[in-house]
Amino acid sequence: MTPDSRTVRRRMLTGGAAALLATALAVAPAAHAAGLTQVTNFGANPGNLAMFSYVPTGLPAGAPLVVALHGCTQTATDYFTDSGWPQFADQWGFAVVFPQQSTANNAESCFDWWTPSDDGRGQGEAASVRQMVSFAETTYGVDPARIFVTGLSAGGGMAADLLADYPDVFAGGAIDSGLAAQCATSLTAASSCQFVSQNKTPAQWGDLVRGSDPGYTGPWPRVAIWQGTSDFTVEPVNADELRDQWTNVLGISHTPSSTQTLTGGTTESVYNDAAGDPAVETYSISGMGHGLAVDPGTGPTQCGTTGAFFLDFICSTYYTGVFWGLNGGRTGLPAPTGLTVTGTTTSSASLSWSAVSGAASYDVFRDGSQVSDVTGTTVTDTGLTAGTTYLYSVAAVDASGAIGARSATVSATTAGSGGTPPPCFTDNNFDHTQAGRAHQQGGNTFANGSNDAMGLWSVGVTTSLSETSPGFYVVVPTC
């Protein structure tokens, strides 16, 4: 490697922060924890990778498999020790494969996600990872229909490529501080991908995935995207490009179906498929730099250990696993029924609902964002604006912290000046757009202001819209 190319690669790892890279390299790898095993004869290995695996004791046949790809300067042991994946493998019952890059391939131990001979179907490192999956299917008896891949940074870039190269193998993926599939075909282009927008349309991003396995028509993997807002190594625009890429591939809107606020300054946006199931989820973490989000502790939604590129914000591993259904299904507990508005004032709304068997608590959502976590079946939401309509739903949470299905939505309108509620309009979606209350995109209709999904742009679909402030409309069950 020339001195110039070494400099470029170092910038790719750390955004030019040489001190940060030196710190990462100075951290001695932790000793192998019990249960992490190197597999030396897993089959064809054209990418010259090492395979490590973690298989919980007594794992039954037909369990899921997660492939977890470390970031630059890291090892499989680092990722095993700090990411939290073994914790949930024990708790929920799945196997984990930790591929490891070699310095013979890459001086900084980065997976070569930008190299066509390594990131294409049947090529190099990608083919080696595929062989590890085949080995796990045969040796550990994992379910071929429940195989997932995740990765950090360069590992995230490779995870995205693997989802594109092998959509018939992976049911889902998670890209943490990573890049869109097939964003680059050279080291110079890879640097551009990291730092600036590539100015591609969603269709162009989607074509890069479709072109990775020509002729494949689906089903496509579900994808979670994690990104810190203060990441200067892989700029936040990469999360937008990943969202555009995978919503296009899946044929769904890139307008969120719902959003909510999670711990650690995290905003989750959910993009549902035609059946109403989450197909793409993005997690934007306010103030987080470059790394994998962890949340050390003993709580049911906590995991991991902080260190170089393992940052204390939120347990991304937990939420990724729930999104994939590794905890037995995102909707393990049924949706609460009987959600009712029991009263309103100028600044509050009171709600009640029926208890759900097995619920330890309930999450309350206002306009798609979580606002309360209560143990009972009533809540009073305060600090509201007078004369405003709010939409509420509730989800049960079990003792492990798994969030169940959300209830049907109800609307609550706070009392306004003189008790006058905001204007409300019931009409078909075509007429709503003609009247300036909504807009259409890709044949679907969305409320102006809130971007609430309204269904097909058609005279045959009727929706009620409440104008909670001038030009800002929200979907309500009825006027």
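Residues numbered from 1 in each chain as written. Predicted model: local features only at pLDDT ≥ 70, side-chain atom pairs only at ≥ 80, totals over all residues. Heavy atoms only, no water.

## Quick look at helix α7 (residues 154-165)
Step number 1: The terminal C-alpha atoms of α7 lie 16 Å apart, and with 12 residues this matches the ideal 16 Å at 1.5 Å per residue to within 8%.
Step number 2: Of all 12 residues that make up α7, 12 are buried, and the element is covered over most of its length.
Step number 3: Looking at α7, one finds that the buried residues are A154, G155, G156, G157, M158, A159, A160, D161, L162, L163, A164 and D165. (Helix = DSSP H or I, 4+ residues; strand = E, 2+ residues; numbered from the N terminus. Expected span 1.5 Å × (residues − 1). Buried < 20%, exposed > 50% of the residue type's maximum accessible area, 1.4 Å probe, protein only.)

## What about the packing of helix α4 (residues 85-92) against helix α11 (residues 316-324)?
Step number 1: Remark: α4 packs on α11, axes separated minimally by 10 Å, with the N-to-C direction vectors making an angle of 40°. Accordingly, the angle class assigned to the pair α4 and α11 is oblique. The handedness of the crossing between α4 and α11 is right-handed. Mapping the contact onto sequence places W85, F88 and W92 in α4 and T317, Y318, T320, G321, V322 and W324 in α11.
Step number 2: Residues belonging to the contact of α4 with α11 are distributed by class as follows: 6 nonpolar, 3 polar and no charged. (Axes fitted to C-alpha atoms, helices over the stretch in contact; angles between N-to-C directions. Parallel < 35°, antiparallel > 145°, perpendicular 65-115°, else oblique. Left-handed = near helix turned anticlockwise from the far one by under 90°. Contact = heavy atoms within 4.5 Å. Nonpolar A, V, L, I, M, F, W, Y, C, P; charged D, E, K, R; others polar.)

## Side note on the sheet that holds strand β25 (residues 462-469)
Step number 1: In spatial order, the strands read β21-β25-β26; together these 3 strands make up an open sheet with antiparallel pairing. Two strands in the sheet have a free side with no partner beyond their single neighbour: β21 (424-428) and β26 (472-476). Strand after strand, the sheet turns through a mean of 35° between neighbouring axes, direction not considered.
Step number 2: Of the strand pairs in this sheet, β21 and β25 are connected by 5 bridges, and their pairing is antiparallel. Residue pairing across strands places T426 opposite S464, the latter belonging to β25. (Pairing = 2+ DSSP bridges.)

## So, the state of the cysteines
Step number 1: For the coordinates displayed, the defined rule picks out 4 disulfides.
Step number 2: Between the sulfur of C183 and that of C193 lies a disulfide, 2.1 Å long from S to S. Its torsion about the S-S bond being -105°, the disulfide of C183 and C193 is classed as left-handed. Of this pair, C183 sits in the loop between β6 (172-176) and α8 (187-195) while C193 is found in helix α8, placing the two residues 10 residues apart along the sequence. For the pair C183 and C193, one class covers both residues: buried.
Step number 3: Disulfide pairing places C303 opposite C315 at an S-S distance of 2.0 Å. On the sign convention where negative is left-handed, the bridge of C303 and C315, at about 100° about the S-S bond, is right-handed. (Disulfide = S-S within 2.5 Å.)

## Thoughts on the environment of T337
Step number 1: Here T337 is to be found in the loop between α11 and β13 (340-344).
Step number 2: Sequence separation of T337 and Y283 is 54 residues, and the distance between their C-alpha atoms is 28 Å.

## Re the pairing of strand β3 (residues 65-69)
Step number 1: The buried count for β3 comes to 5 of 5 residues, which makes it a mostly enclosed element.
Step number 2: Because side chains alternate across β3, one face comprises the buried residues L65, V67 and L69, and the other comprises V66 and A68, equally buried.

## Notes on the nonpolar core
Step number 1: Membership of the largest hydrophobic core comes to 61 residues, with the highest contact counts inside it found for L65, W113, L162, F170 and W246.
Step number 2: If sequence neighbours within four positions are ignored, W246 has contacts with A160, L163, A164, A181, V209, P221, V223 and V280. (Core = buried A, V, L, I, M, F, W, Y, C linked by side-chain atoms within 4.5 Å.)

## Observations concerning the confidence of the model for the protein
Low pLDDT marks stretches whose predicted atomic positions should not be read closely.
Step number 1: Mean pLDDT over the protein works out to 87, with 90% of the residues at or above the 70 mark.
Step number 2: Contacts of residues 1-34 to residues separated by more than four positions or lying in other chains number 54 contacts, the stretch itself having pLDDT below 50. (pLDDT = per-residue confidence, 0-100.)

## Observations regarding the pattern of salt bridges
Step number 1: Under the definition given, this model contains 8 salt bridges.
Step number 2: The salt bridge partner of D244 is R243, with a shortest N-O separation of 3.0 Å. Summarising the burial analysis for this pair, D244 and R243 share the class buried.
Step number 3: Each of R121, D168 and D213 takes part in a single network of salt bridges with overlapping partners. (Salt bridge = Lys/Arg side-chain N within 4 Å of Asp/Glu carboxyl O.)

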